[in-house]
Amino acid sequence: MSGDVTSTTELIPAPLTTGAAAPSGAFVLDGTTVIDAGPGTEGTARWLRGTLGAATGFALPPGDGADSGALRLRIRPDETVRLGPEGYTLHVDRTAVTLSGGGPAGVFWGAQTLRQLLGPDAFRRAPLAPGRRWTVPATDVEDAPRFRWRGLLLDVARHFTAKEGVLRYLDLMAAHKLNVFHFHLTDDQGWRLEIKRHPKLTETGAWRARTKFGHRFSPLWEEKPHGGYYTQDDIREIVAYAAERHISVVPEIDVPGHSQAAIAAYPELGNTDVIDTTALSVWDTWGVSSNVLAPTDNTLHFFEGVLEEVLELFPADVTGLLPFSGFIHIGGDECPKDQWRRSPVAQARIKELGLADEDELQSWFVAHFDNWLRDRGRRLIGWDEILEGGLAKGAAVASWRGYQGGIAAARAGHDVVVCPEQHVYLDHRQAAGPDEPVPIGFVRTLEDVYRFEPVPPELDARQAEHVLGTQANLWTEVMENHARVDYQAFPRLAAFAEVAWSRLPAPAERDFAGFERRMAAHYRRLDALGVDYRPPSGPRPWQQRPGVQGRPLDGPPPSR
Ligand code: ACM
């Protein structure tokens, strides 16, 4: 079988610069190739041995390469100072592959590029045939990310993704040089995190009796129990697996709205003076539940207890290698105020605290956890609603309702992650055709995502420094299994990864045709990885969901 070489012009995300090194030719990876791993690169060496070792069948033992070809891994902040800790250079000639990173993360991202250069079969888990020739074309690559926060949110509350599926998504993120996993662990429809001191959160809150099939207007139900949760050891494994891939995990415990599953488990958390919260169950349909947390001391103490366990499970990295591991996302979005308006307890609290209204009560609730986290050396991040009513210094904002929240937050000196529903909510349909499965809201094509610009032009240069980066969000109301998640995520996540990593020109000037050409190679990588992406020609028959209603194109405005 001949070598199946990928050229540097087929890389996704596109690197900063590439050039053909002299002399021309290629490095041959074979059974004699060793890995010469300098200090600080041991993790990438382990990853290469596991991943390329499996795909090629070569052992890739440690060595100095004196008698054979070597993959040489080095940390060289001096040489790569312009590129930063996540930047790298990759030099390939006939004798060696030399990968130098500004820091350990840079070496790891360079290893992702090396895997792409070996061709799509490098994304398989076993060699297809013995005797296959593996080559890397001689080249020089210089690369560094545009944004520090290159995130993906996975909603495991609406539909549960078992641990194996989460680990798989971490691998998919790494292959696309994405580095923040926003783990949406709790919502009205399920609580997915074992909390030892409050066991009913998962005993009760992780399960629902049935599930709406389709958008909330759909008449269909899936009449079977659904649920699941991660044990604390599952979480430790997930966090460690992510760390090996230089991915920070940011857990989200969504309060004070999106909390019906917690209230179903512990009815005293709800507004017991407004409704009979003992009658609530984990929600089985979609939308924004009106059953929100009561603003009581009991609720605050309960969630402090939850967060104490969360902080232990999601440690802040003290080495600086996982820059966003100290963040805790507390949600703060979509908290209907109707129950608080009707609750004597909530009204008494507003009066006691001298607050103007229920919006200020929500700010007080968020500020409590902002201070609580800060006292423990952590940083709060929340959805842009947390800006309403003022926000403490140090908290960061995820701007989802368009750019406005992000603009306001950056102007007020807060760090921002830009993830507008209008651009990077991958639950939205990716084509207008009638065969899109459970089509939600507006059409956002591959090209739309490719032309997404995270930094709003309204920000001046100093304000724009507050843009930590960007994130794509996978909300799973209508994604009942991993094939459906894959379909919504891919290929658009590849375009998103390029927006987050590469230094693209202004949206109108981006070379989408060139990106599509590179996608031809990338689809083959996704095939080898077993990703159930949407083909450019449209959904395959089994990817369709005939008769299952989504949210109409011209339907209700984006209240989720
Ligand atoms: C959100 O989509 N409610 C953050």
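Residues numbered from 1 in each chain as written. Predicted model: local features only at pLDDT ≥ 70, side-chain atom pairs only at ≥ 80, totals over all residues. Heavy atoms only, no water.

### Observations regarding the packing of helix H1 (residues 42-56) against helix H2 (residues 104-117)
Each pair of packed helices can be described by the angle between their axes along with the distance between the axes.
Moving on, step 1. As a packed pair, H1 and H2 sit with axes 10 Å apart at the nearest point and diverge in direction by 20°. As summarised for this structure, H1 and H2 are arranged roughly parallel, according to the angle between their axes. The two elements H1 and H2 meet at a crossing, and its hand is right-handed. Residues Thr44, Trp47, Leu48, Thr51 and Leu52 of H1 lie in contact with H2, whose contacting residues are Pro104, Val107, Phe108, Ala111, Gln112, Leu114 and Arg115.
Moving on, step 2. Classifying every residue of the contact of H1 with H2 by side-chain character gives 8 nonpolar, 3 polar and 1 charged. (Axes fitted to C-alpha atoms, helices over the stretch in contact; angles between N-to-C directions. Helix = DSSP H or I, 4+ residues; strand = E, 2+ residues; numbered from the N terminus. Parallel < 35°, antiparallel > 145°, perpendicular 65-115°, else oblique. Left-handed = near helix turned anticlockwise from the far one by under 90°. Contact = heavy atoms within 4.5 Å. Nonpolar A, V, L, I, M, F, W, Y, C, P; charged D, E, K, R; others polar.)

### Brief notes about the pairing of strand E3 (residues 34-37)
In regular strands, side chains alternate between the two faces of the sheet.
Moving on, step 1. In terms of strand pairing, E3 meets strand E4 (residues 70-75) through 4 bridges, oriented parallel. Note on E4: the bridge partner recorded for Val34 is Ala70.
Moving on, step 2. In this fold, the crossover linking E3 to E4 by way of H1 has left-handed handedness. (Pairing = 2+ DSSP bridges. Right-handed = clockwise from strand over helix to strand, strands pointing away.)

### Observations concerning the sheet that holds strand E5 (residues 88-92)
Moving on, step 1. If you walk across this open sheet you meet the 6 strands as E1-E8-E5-E6-E4-E3, and the pairing is mixed. With one partner strand each, in any of the chains shown, strand E1 (17-19) and E3 form the two edges of the open sheet. On average, adjacent strands in this sheet sit at an angle of 10° to one another, irrespective of strand direction.

### Some details on unusual backbone geometry
Moving on, step 1. Residue Pro13 is reached from Ile12 by a cis peptide bond, and omega for that bond is -5°.
Moving on, step 2. Mapped onto the secondary structure, Pro13 falls in the segment before E1.
Moving on, step 3. Its identity as a non-glycine residue notwithstanding, Lys177 has a phi of 60°, on the positive side.
Moving on, step 4. Mapping Lys177 onto the fold places it in the loop between helix H3 (163-175) and strand E10 (180-184).
Moving on, step 5. On the basis of relative accessibility, which here comes to 2%, the residue Lys177 falls in the buried class. (Buried < 20%, exposed > 50% of the residue type's maximum accessible area, 1.4 Å probe, protein only.)

### Here we look at the pattern of salt bridges
Moving on, step 1. A full pass over the atoms with the stated rule returns 36 salt bridges.
Moving on, step 2. Its salt-bridge partner being Glu142, residue Arg82 comes within 2.9 Å of it at the nearest N-O pair. Placement of the pair is Arg82 in the loop between E4 and E5 and Glu142 in strand E8 (residues 139-143), with a sequence separation of 60 residues.
Moving on, step 3. In this structure Arg82 comes out as exposed when scored by relative accessible area, which is 60%.
Moving on, step 4. Glu142 sits in the partly exposed class, given a relative accessible area of 24%.
Moving on, step 5. The shortest N-O distance in the salt bridge between Glu480 and Arg545 comes to 2.8 Å. Here Arg545 lies in the segment after helix H17 (512-529) and Glu480 lies in the loop between strand E22 (467-474) and helix H15 (482-489), a separation of 65 residues in the sequence.
Moving on, step 6. Classification of Arg545 as buried rests on a relative accessible area of 17%.
Moving on, step 7. When salt bridges that share partners are traced, they join Asp155, Arg158, Asp187 and Glu477 into one network. (Salt bridge = Lys/Arg side-chain N within 4 Å of Asp/Glu carboxyl O.)

### Observations regarding the environment of Arg401
Moving on, step 1. Relative to the helices and strands, Arg401 is located in the loop between strand E20 (396-399) and helix H11 (404-411).
Moving on, step 2. As a C-alpha pair, Arg401 and Ser218 span 183 residues in sequence and 25 Å in three-dimensional space.
Moving on, step 3. Excluding residues within four positions of it along the chain, Arg401 makes contact with Asp384, Glu385, Glu388 and Gln422.
Moving on, step 4. Here the side chain of Arg401 touches Asp384 through a polar contact of 2.5 Å, side chain to side chain.
Moving on, step 5. Within polar-contact distance, the side chain of Arg401 engages the side chain of Glu388 at 2.9 Å. (Polar contact = N/O pair within 3.5 Å; in protein donor to acceptor, adjacent residues only side chain to side chain.)

### Structural notes on the nonpolar core
Moving on, step 1. The biggest cluster of nonpolar side chains holds 152 residues, and the ones touching the most others in it are Phe183, Trp191 and Phe303.
Moving on, step 2. When sequence neighbours within four positions are dropped, the list of residues in contact with Phe183 reads Leu154, Val156, Val166, Tyr230, Ile235, Ile238, Val249, Val250, Pro251, Glu252 and Phe314. (Core = buried A, V, L, I, M, F, W, Y, C linked by side-chain atoms within 4.5 Å.)

### What to know about the sheet that holds E10
Moving on, step 1. One closed barrel accounts for 8 strands, arranged E9-E10-E17-E18-E19-E20-E21-E22; its pairing is parallel. Sheet twist, expressed as the average angle between the axes of neighbouring strands with direction ignored, equals 25°.
Moving on, step 2. As paired strands, E20 and strand E21 (residues 416-418) are joined by 3 bridges and run parallel to one another. Directly across from Ala398, in E21, lies its bridge partner Val417.
Moving on, step 3. Here H11 sits on the sheet in contact with E20 and E21, set at roughly 160° to E20.

### Section: the packing of aromatic side chains
Moving on, step 1. What the rule picks out here adds up to 22 aromatic pairs.
Moving on, step 2. Between Phe365 and Phe369 the ring centres are 5.5 Å apart and the planes differ by 55°, which places this aromatic pair in the tilted class. A residue pair is termed a helical-turn pair when its members lie 3 or 4 positions apart in one helix, as Phe365 and Phe369 do in helix H10 (residues 358-375) at 4 residues. Both residues of the pair, Phe365 and Phe369, count as buried.
Moving on, step 3. A ring pair is formed by Tyr425 and Trp475, whose centres lie 6.0 Å apart and whose planes are at 50°; its orientation type is tilted. Of this pair, Tyr425 sits in the loop between helix H12 (421-424) and helix H13 (446-450) while Trp475 is found in the loop between E22 and H15, placing the two residues 50 residues apart along the sequence. Accessibility classification places Tyr425 together with Trp475 in one group, the buried group.
Moving on, step 4. Among the aromatic residues, those joined into a cluster by ring pairs are Trp47, Phe108, Trp109 and Trp501.
Moving on, step 5. Stacked on the ring of Trp372, the Lys or Arg Arg376 has its end atom at 3.9 Å from the ring centre. (Phe/Tyr/Trp six-rings, centres within 6.5 Å; stacked < 30°, edge-to-face > 60°. Lys NZ or Arg CZ within 6 Å of the ring centre and 35° of its normal.)

### Remarks on the pairing of E4
Moving on, step 1. Where E4 meets strand E6 (residues 96-101), 6 bridges bridge the pair, whose relative direction is parallel. Within E6, the position partnered with Arg74 by the bridge is Ser100.

### What to know about the confidence of the model for the protein chain
Moving on, step 1. When pLDDT is averaged across the protein chain, the result is 95; 97% of the residues are at 70 or more.
Moving on, step 2. Note that pLDDT drops below 50 for residues 556-560; the model gives that stretch 19 contacts with residues more than four away or on any other chain. (pLDDT = per-residue confidence, 0-100.)

### Some remarks on helix H7 (residues 297-313)
Moving on, step 1. Taking 1.5 Å of rise per residue, 17 residues should cover 24 Å, and H7 covers 24 Å from first to last C-alpha, within 8% of that figure.
Moving on, step 2. Most of H7 sits out of view: 12 of its 17 residues are buried.
Moving on, step 3. Along H7, the residues classified as buried are Thr299, Leu300, Phe302, Phe303, Glu304, Gly305, Val306, Leu307, Glu309, Val310, Leu311 and Leu313. (Expected span 1.5 Å × (residues − 1).)

### Observations concerning the environment of Pro225
Moving on, step 1. One can find Pro225 in the loop between strand E15 (221-222) and strand E16 (226-227).
Moving on, step 2. Look past the residues within four positions of Pro225 in its chain and what remains in contact with it is Arg208 and Ala209.

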